[in-house]
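Fold and geometry: a report
Chain residues, written in single-letter form:
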Amino acid sequence: MPRPVLIDTDPGVDDVLAIAMLLASPEVEVIGLTTVHGNMSVDVCTRNALYFLEVASRTDIPVARGAGDPIAMPFRGGAAFVHGPDGLGDRMVDGVSTTPVGEDAADFIIRSVRARPGEVVLAPIGPLTNLAVALERDPGIAELTAEVVVMGGNAYCDGNASPAAEANILNDPEAAEIVFGADWPVVMLGLDVTDEVSLTGAHLDRIAAGTTPMHALLREASAFYQRFHEEAIPGYDGLCPHDATALAWLIDPSLFEVIERPIRVGMEGLGRGKTWPAEPYRMPEYEPWRGRPEVTIATQVDASAMADLITTRLVAFGS
Ligand code: BDR
Ligand code: CA
């Protein structure tokens, strides 16, 4: 039986690569998209999610609009320089013919989890605001959620949105602290693994050769994101599929090595948004980590097999 997955997203070029990959994967059933501020405002991210599903001919999948601001600060302004002026490159999406459902993302999450106790996987690939709000509204969902698969954080490597922090966590550290502190099974797939994977020009050419409208969208949206990577990092070939690498956990977890550690999130100053694992041999000294649940942290990935997996699934989209 495919696992039911609810994707919480801020599309975002790598978000649409990730969602398309799961739509092409028999291991999972995507039961909804919830949207959140992050790469763009929540209005633009919601429009992009609806647009994406239209292009994918999957308007049967509901979209619930989520938080426009992080829990404790205003929206930080997004990353148009990474994902393009409309978040899907410079395609300049104008209208969509579908609308989000009437309830907000947090209520949608709560209702979906309670409808299938112990089955639903939450897969956040944007800031963790909606999940934190859902937990605050209904703490009981923690024990009813099958797994929380997070793209975010950096355990043993640099950040990408500051020297200390990864973008999804820095965009709402207070929410991340709540999500990593709740008593539910969380897997953190952050920059430790996602930064290791690239879809090279050769991979992207294979995807671009696809003939569906979705392949055209991926081709055009990826071009901007690829240009960003190649200009920012001398010698880089292609782009980094952060969100798809993380969600590939739901297809083939054997591609990762993991460890278990409790995590605290930096709240202050230079370290704001850093995800801090506690090393077991030091635990007795580190009171702030005591009593926190263990998070499964991905530390290594088979980068070449991962790029092949993502590419193969995206090439097969619609067939
Ligand atoms: C994460 O930040 C966003 O820009 C991407 O979509 C991804 O979810 C990578 O740090
Ligand atoms: Ca994202």
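Residues numbered from 1 in each chain as written. Chains lettered and ligands numbered in written order. Predicted model: local features only at pLDDT ≥ 70, side-chain atom pairs only at ≥ 80, totals over all residues. Heavy atoms only, no water.

Looking at the overall build of the chain
- Scanning the chain for helices and strands turns up 12 helices and 9 strands.
- Compactness check: the chain gives a C-alpha radius of gyration of 18 Å against a globular reference of 20 Å for 319 residues, within 12% of the reference.
- In terms of overall dimensions, the chain has a C-alpha envelope of 55 × 45 × 40 Å along the principal axes.
- Across the chain, every contact between residues at least 6 apart in sequence was considered, and the portion connecting residues at least 24 apart equals 82%.
- Accessible surface for the chain amounts to roughly 12300 Å². Of this, 53% is attributable to carbon and sulfur atoms.
- When the 21 basic and 46 acidic side-chain charges of the chain are each reduced to a single mean position, those positions are 2 Å apart. (Helix = DSSP H or I, 4+ residues; strand = E, 2+ residues; numbered from the N terminus. Rg over C-alpha atoms; globule rule 2.2 N^0.38 Å. Contact = heavy atoms within 4.5 Å. Areas by Shrake-Rupley, 256 points an atom, 1.4 Å probe, with all protein chains shown as cover. Lys, Arg positive; Asp, Glu negative; His and termini not counted. Charge placed at Lys NZ, Arg CZ, Asp CG, Glu CD.)

Re the packing of helix α4 (residues 105–115) against helix α5 (residues 129–137)
- It is at 8 Å that the axes of α4 and α5 come closest, and there the two elements cross at 65°. α5 is crossed by α4, and the crossing has right-handed handedness. Contact residues: Ala105, Ala106, Asp107, Ile109 and Ile110 in α4; Asn130, Leu131, Val133, Ala134 and Arg137 in α5.
- Within the contact of α4 with α5, the residues separate by chemical class into 7 nonpolar, 1 polar and 2 charged. (Axes fitted to C-alpha atoms, helices over the stretch in contact; angles between N-to-C directions. Left-handed = near helix turned anticlockwise from the far one by under 90°. Nonpolar A, V, L, I, M, F, W, Y, C, P; charged D, E, K, R; others polar.)

Thoughts on unusual backbone geometry
- Across the junction of Pro11 and Gly12, the peptide omega takes the value -10°, indicating a cis bond.
- Residue placement: Gly12 occurs in the loop between β1 (3–9) and α1 (13–23).
- Even without being glycine, Ser57 reaches a positive phi, approximately 55°.
- By the element assignment, Ser57 lies in the loop between α2 (42–55) and β3 (63–64).

Topic: the site of ligand 1
- In the region of ligand 1, the neighbouring residues are Asp14, Asp15, Asn39, His83, Ile125, Met151, Asn160, Glu166, Ala167, Asn168, His242 and Asp243.
- Between ligand 1 and the protein, one listed contact pairs an oxygen atom with a side-chain N or O atom of Asp15 at 3.0 Å.
- At 3.0 Å from an oxygen atom of ligand 1 is found a side-chain nitrogen or oxygen belonging to Asn168.
- If ligand 1 stood free it would expose 280 Å²; the protein chains cover 93% of that surface.
- For the shell around ligand 1, the elements supplying multiple residues, two or more each, are α1, α6 (167–170) and α11 (242–247).
- When its residues are assigned to classes, the shell around ligand 1 shows 3 nonpolar, 5 polar and 4 charged. (Near = heavy atom within 4 Å. Polar contact = N/O pair within 3.5 Å; in protein donor to acceptor, adjacent residues only side chain to side chain.)

Thoughts on the packing of α1 against helix α10 (residues 213–232)
- In contact at an axis separation of 9 Å, α1 and α10 are set at 150° when each is read in the N-to-C sense. In terms of orientation, α1 lies roughly antiparallel with respect to α10. You can see that α1 and α10 cross each other, and the crossing is left-handed. For the pair α1 and α10, the contacting residues are Val13, Asp14, Val16, Leu17 and Ala20 in the first and Met214, Leu218, Ala221, Ser222 and Tyr225 in the second.
- Taken together, the residues that form the contact of α1 with α10 break down as 8 nonpolar, 1 polar and 1 charged. (Parallel < 35°, antiparallel > 145°, perpendicular 65-115°, else oblique.)

Overview of the coordination of the calcium ion (ligand 2)
- Here the calcium ion (ligand 2) is held by Asp10 (OD), Asp15 (OD), Asp15 (OD), Ile125 (O) and Asp243 (OD), and the distances to it run 2.2 to 2.6 Å.
- All donors of the calcium ion (ligand 2) come from a single chain, and their spacing in sequence reads D-x4-D-x109-I-x117-D. Taken together, the residues Asp15 in helix α1 and Ile125 in the loop between β4 (121–124) and α5 connect sequence positions 110 residues apart. Taken individually, Asp15 and Ile125 each receive the classification buried, so the pair is uniform in this respect. (Donors = N, O, S within 2.8 Å, 3.2 Å for Na, K, Ca; no water. Buried < 20%, exposed > 50% of the residue type's maximum accessible area, 1.4 Å probe, protein only.)

Things to note about the sheet that holds strand β2 (residues 28–35)
- Judged by pairing direction, the sheet is mixed, and its 9 strands sit side by side in the order β3-β2-β1-β4-β5-β6-β9-β7-β8 without closing on themselves. Edge positions in the sheet fall to β3 and β8 (275–277), since each has one partner strand and no second.
- Looking at chain direction, strand β7 (residues 256–265) and strand β9 (residues 294–301) are connected through 7 bridges and run antiparallel. Residue pairing across strands places Ile259 opposite Ile297, the latter belonging to β9.
- Lying on the sheet, α2 is in contact with β2 and β3; it crosses β2 at an angle near 150°. (Pairing = 2+ DSSP bridges.)

Thoughts on α5
- Taken together, the buried positions of α5 are Thr129, Asn130, Leu131, Ala132, Ala134 and Leu135.
- Tucked into the core, α5 has its buried residues touching β1, β2, α4, β4, β5 (147–151) and α7 (173–181).

Interpretation note: all reported values are geometric properties and have no functional meaning in isolation.
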